[in-house]
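Letter by letter, the chains look like this.
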Amino acid sequence: MIRVAVNGYGTIGKRVADAVTLQPDMELVGVAKTRPNHEAETAVRKGYPLYAAIEDRVHLFEEAGIELAGTVEELVEAADVVVDACPSGIGAENKAMYEAYDTPALYQGGESADLVDVSFNARGNYDEAEGADHVRVVSCNTTGLSRLLAPVEEAYGVEKARVTLVRRGGDPGQTGRGPINDILPNPVTLPSHHGPDVNTIFPDLDIDTLGMKVPATLMHTHSVNVTLEDAPDAADEVRDLLAEESRLFLIPERHDIDGAGKLKEYAYDIGRPRGDLWENCIWEESVSIEGDDLYLFQAIHQESDVVPENVDAIRAVLGEADRGESMARTDETMGVGLP
Ligand SMILES: NC(=O)C1=CN([C@@H]2O[C@H](COP(=O)(O)OP(=O)(O)OC[C@H]3O[C@@H](n4cnc5c(N)ncnc54)[C@H](OP(=O)(O)O)[C@@H]3O)[C@@H](O)[C@H]2O)C=CC1
Ligand SMILES: O=C(OP(=O)(O)O)[C@H](O)COP(=O)(O)O
């Protein structure tokens, strides 16, 4: 059994913790929190051993009547691998602790690519993570682009990818985020960090990305244009190619899903935990071929698409399964793949 610690139990961390408990080859050693809020209580209610991320705050948990299993250092020491899902920049501060206990660490997309030995996407570069001490699971948007571009590159070759990312301003729980009533080029200069980030997975891929932020919380939306080296005659061929990928969902026209709102409604209706959509959601009718150019729209659920990738990264780092085995096991246990 792979003993997994989760340090940073927020949007990403709590989802990764839940996914780890579903894996037959993994055991959740515990999760670390800085304070005794509702998430701490829920973790305890779920039976997850709770550790204090900051030693000086142990008394806050005691005062709140929440039993602790120990401190984060004990958690890291007891684990075979730690998933750091702390806010951007805190992972970098934690690196020395993981090194002190010789525990391999997975970081999230908010950390710099320079922090780690390997940036990771299961479909893109699974094998490169084996034996690495520090691995970064790339951000939600970069995950969405990597999953899409991997099969397209393999089948047709990518001459040039151009993507405009219309990004949600904040997650539903991030009440302090904006914009509230605006549409921002963000960043206003090119490229946004996503293109260079995709190049941490596919170093030779030619890609330009433009980022925007809008007053929405549900999902990101990408407008994708890829000039292919060897384009197929018909878009149906591309649809068939994408439909074979378990983490790409081609939204059928019959579903009458016109945006992120209905996608989330669909996720709740089919019983997805927290309304999560782990798959890229690609509008089937948008997949078009114009000469050598492929066009499509996809929506990315920022809170959850990196979760199966974190599970695969755990196995990849420890060399516990090959890409196909790991992705299949993760998909089956989590229920990845939409009808
Ligand atoms: N949300 C998103 O859309 C996505 C985020 N990411 C990346 O994932 C990472 C985490 O983001 P996200 O989950 O959204 O962030 P959240 O803020 O939702 O969760 C992080 C949690 O870490 C806890 N925390 C803060 N400081 C520490 C500390 N020193 N030690 C341990 N825990 C701490 C906080 O909880 P508390 O203080 O209550 O313990 C906080 O809730 C970032 O790198 C982000 O860029 C990647 C893909 C998508
Ligand atoms: O990694 C994300 O998006 P990004 O790839 O646009 O940076 C997540 O949605 C978090 O973005 P945030 O930094 O706006 O919270």
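Residues numbered from 1 in each chain as written. Chains lettered and ligands numbered in written order. Predicted model: local features only at pLDDT ≥ 70, side-chain atom pairs only at ≥ 80, totals over all residues. Heavy atoms only, no water.

Chemist: Describe the pairing of strand 14 (residues 280-283), and please don't skip the residues or the numbers.
Modeler: In regular strands, side chains alternate between the two faces of the sheet. Residues of strand 14 alternate between two faces, with Asn280 and Ile282 on one and Cys281 and Trp283 on the opposite face, all of them buried. Summarising the sheet, strand 13 (residues 248-251) and strand 14 pair through 4 bridges and their orientation is parallel. By the bridge assignment, isoleucine 251 is partnered in strand 14 with tryptophan 283. Regarding the hand of the β-α-β motif, the stretch spanning strand 13, helix 10 (residues 260-269) and strand 14 is right-handed. (Buried < 20%, exposed > 50% of the residue type's maximum accessible area, 1.4 Å probe, protein only. Helix = DSSP H or I, 4+ residues; strand = E, 2+ residues; numbered from the N terminus. Pairing = 2+ DSSP bridges. Right-handed = clockwise from strand over helix to strand, strands pointing away.)

Chemist: Help me get a handle on the domain arrangement of the protein, residues and values and all.
Modeler: What the domain assignment reports for the protein is domain 1 (2-138 + 306-334) and domain 2 (141-300). Taking only C-alpha atoms, the centre of domain 1 and the centre of domain 2 are 26 Å apart. Each partner contributes to the interface: domain 1 provides 24 residues, whereas domain 2 provides 18 residues. Of the roughly 1700 Å² buried between domain 1 and domain 2, counting both surfaces, carbon and sulfur atoms make up 45%. (Domains from an automatic or database assignment. Contact = heavy atoms within 4.5 Å. Buried area = accessible area lost by both parts, 1.4 Å probe.)

Chemist: Account for the site of ligand 2, with residues named and values stated.
Modeler: Neighbouring residues of ligand 2: Ser139, Cys140, Asn141, Arg167, Arg168, Arg177, His193, His194, Lys213, His220 and Gln302. At a separation of 2.6 Å, an oxygen atom of ligand 2 approaches a polar side-chain atom of serine 139. Considering ligand 2 on its own, with 380 Å² of exposed area, one finds that the protein chains cover 77% of that surface. Among the secondary structure elements, those contributing two or more residues to the shell around ligand 2 are helix 7 (140-156) and strand 9 (158-168). (Near = heavy atom within 4 Å. Polar contact = N/O pair within 3.5 Å; in protein donor to acceptor, adjacent residues only side chain to side chain. Areas by Shrake-Rupley, 256 points an atom, 1.4 Å probe, with all protein chains shown as cover.)

Chemist: Describe the UniProt feature "binding site: D-glyceraldehyde 3-phosphate" (unreviewed entry) in the protein, and please don't skip the residues or the numbers.
Modeler: Feature annotation in UniProt assigns "binding site: D-glyceraldehyde 3-phosphate" (unreviewed entry) to the following positions: Ser139, Cys140, Asn141, His194 and Gly195. Despite a sequence span of 57 residues, these residues sit close together in the fold, their greatest C-alpha distance being 12.9 Å. Lining the largest pocket, out of the annotated residues just given, are Ser139, Cys140, Asn141 and His194. If you trace the backbone, cysteine 140 turns up in helix 7. Note on cysteine 140: relative accessible area 14%, which makes it buried. Residues in contact with cysteine 140, not counting those within four places in the same chain, are His220, Ile300, Gln302, Asp305 and Val306. Tracing the backbone shows asparagine 141 in helix 7. Discounting chain neighbours no more than four positions away, the residues touching asparagine 141 are Leu165, Arg167, His194, His220, His222 and Ile300. (UniProt positions renumbered as here; feature names shortened; annotations may be inferred. 1 Å grid on protein atoms, 1.4 Å probe; cavity = no way out; pocket = protein on both sides within 12 Å on 5 of 7 lines; lining within 4 Å.)

Chemist: Give me the lowdown on the packing of helix 11 (residues 307-318) against helix 12 (residues 323-334), citing residues and values where you can.
Modeler: At their nearest, the axes of helix 11 and helix 12 sit 9 Å apart, and the two run at 135° to each other. Taken together, the axes of helix 11 and helix 12 are oblique relative to one another. As helix 11 packs across helix 12, the resulting crossing turns out to be right-handed. On helix 12, the residues touching Val307, Pro308, Val311, Asp312 and Arg315 of helix 11 are Ser326, Met327, Arg329, Thr330 and Met334. Per-class residue counts for the contact of helix 11 with helix 12 are 5 nonpolar, 2 polar and 3 charged. (Axes fitted to C-alpha atoms, helices over the stretch in contact; angles between N-to-C directions. Parallel < 35°, antiparallel > 145°, perpendicular 65-115°, else oblique. Left-handed = near helix turned anticlockwise from the far one by under 90°. Nonpolar A, V, L, I, M, F, W, Y, C, P; charged D, E, K, R; others polar.)

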